[in-house]
Amino acid sequence: TPNLAGIAGLGAAIDWLRKTGSEAIDRQVQQLLEYATAMLQSIPGLQIIGQAPQKSGIISFLMDDIHPHDLATFMDQRQICVRAGHHCTQPLMDFLEIPCTVRASFTCYNTKEEIGLLVQALNDASRFFGAL
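These numbers come from a predicted model, not from an experiment.

Draft legend 1. A look at unusual backbone geometry. Despite not being glycine, Gln79 shows a phi value in the positive range, around 60 degrees. Positionally, Gln79 belongs in the loop between helix 3 (68-76) and strand 3 (83-85). Here His87, not a glycine, exhibits a phi torsion of approximately 55 degrees, which is positive. For His87, the location among the structural elements is in the loop between strand 3 and helix 4 (90-96).

What follows is the structure, given as structure tokens:
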């Protein structure tokens, strides 16, 4: 049986992409990335890993004295979706001498309010783990 719901959903997604336009989507993602970068840089002990001038809506980071897997678990308990791990770059992590990173991803359906929730949860984690 064909996946009719999936076909209809894909069709709706394609229509939305055509209507919205890739330039508008890219612009929105870049604005969120810039906002999130500025907000995350205000958190004591947070280190952003990788700040290339041309990058997608992804920020990888570490927090002093909090293992990335512990931080990801803490965030998950607050319904903040992040990912911890090597992200297919274990040789780079070895070279940088870091265990892994936490990664937050942003796309066109994210909001500044959600970034605010991320920042608040990271500050809460810092207090919880005694990093502040």
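There is more to say, and it comes next.
Draft legend 2. Spotlight on the pairing of strand 4 (residues 101-105). With four bridges connecting them, strand 2 (residues 58-63) and strand 4 associate as antiparallel partners. Each bridged residue has a counterpart across the sheet, and for Ile58 the counterpart in strand 4 is Ser105. Bridge count for strand 3 against strand 4 is three bridges, and the pairing is antiparallel. Within strand 4, the position partnered with Arg83 by the bridge is Arg103.

Draft legend 3. Layout of the sheet that holds strand 2. With antiparallel pairing, four strands are arranged side by side in an open sheet as 1-2-4-3. Strand pairing shows two members of the sheet lacking a second neighbour, strand 1 (46-49) and strand 3, which therefore form its edges. Taken over all neighbouring pairs, the strand axes of this sheet differ in orientation by 35 degrees on average, direction set aside. Its contacts with the sheet place helix 3 against strand 2, strand 3 and strand 4, and it is angled at close to 165 degrees to strand 3.

Draft legend 4. Representation of the side chain of Thr37. Within the secondary structure, Thr37 is located in helix 2 (residues 22-41). A distance of 2.8 Å separates the side chain of Thr37 from the backbone oxygen of Leu33, its partner in a polar contact. With residues near it in sequence (within four places) discarded, Thr37 still touches Ile48, Gln51 and Ile59.

Draft legend 5. Highlighting the packing of helix 2 against helix 5 (residues 112-128). The interhelical angle for the contact between helix 2 and helix 5, taken along N-to-C directions, is 25 degrees, at an axis separation of 10 Å. Taken together, helix 2 and helix 5 sit at an angle that is classed as roughly parallel. Note on packing geometry: the crossing formed by helix 2 with helix 5 is right-handed. Where helix 2 approaches helix 5, its residues Leu32, Tyr35, Ala36, Met39 and Leu40 are matched on the opposing element by Lys112, Ile115, Leu118, Val119 and Leu122. A class-by-class count of the residues in the contact of helix 2 with helix 5 yields nine nonpolar, no polar and one charged.

Cut-offs used in this document
Residues numbered from 1 in each chain as written. Predicted model: local features only at pLDDT ≥ 70, side-chain atom pairs only at ≥ 80, totals over all residues. Heavy atoms only, no water. Helix = DSSP H or I, 4+ residues; strand = E, 2+ residues; numbered from the N terminus. Pairing = 2+ DSSP bridges. Axes fitted to C-alpha atoms, helices over the stretch in contact; angles between N-to-C directions. Contact = heavy atoms within 4.5 Å. Polar contact = N/O pair within 3.5 Å; in protein donor to acceptor, adjacent residues only side chain to side chain. Parallel < 35°, antiparallel > 145°, perpendicular 65-115°, else oblique. Left-handed = near helix turned anticlockwise from the far one by under 90°. Nonpolar A, V, L, I, M, F, W, Y, C, P; charged D, E, K, R; others polar.

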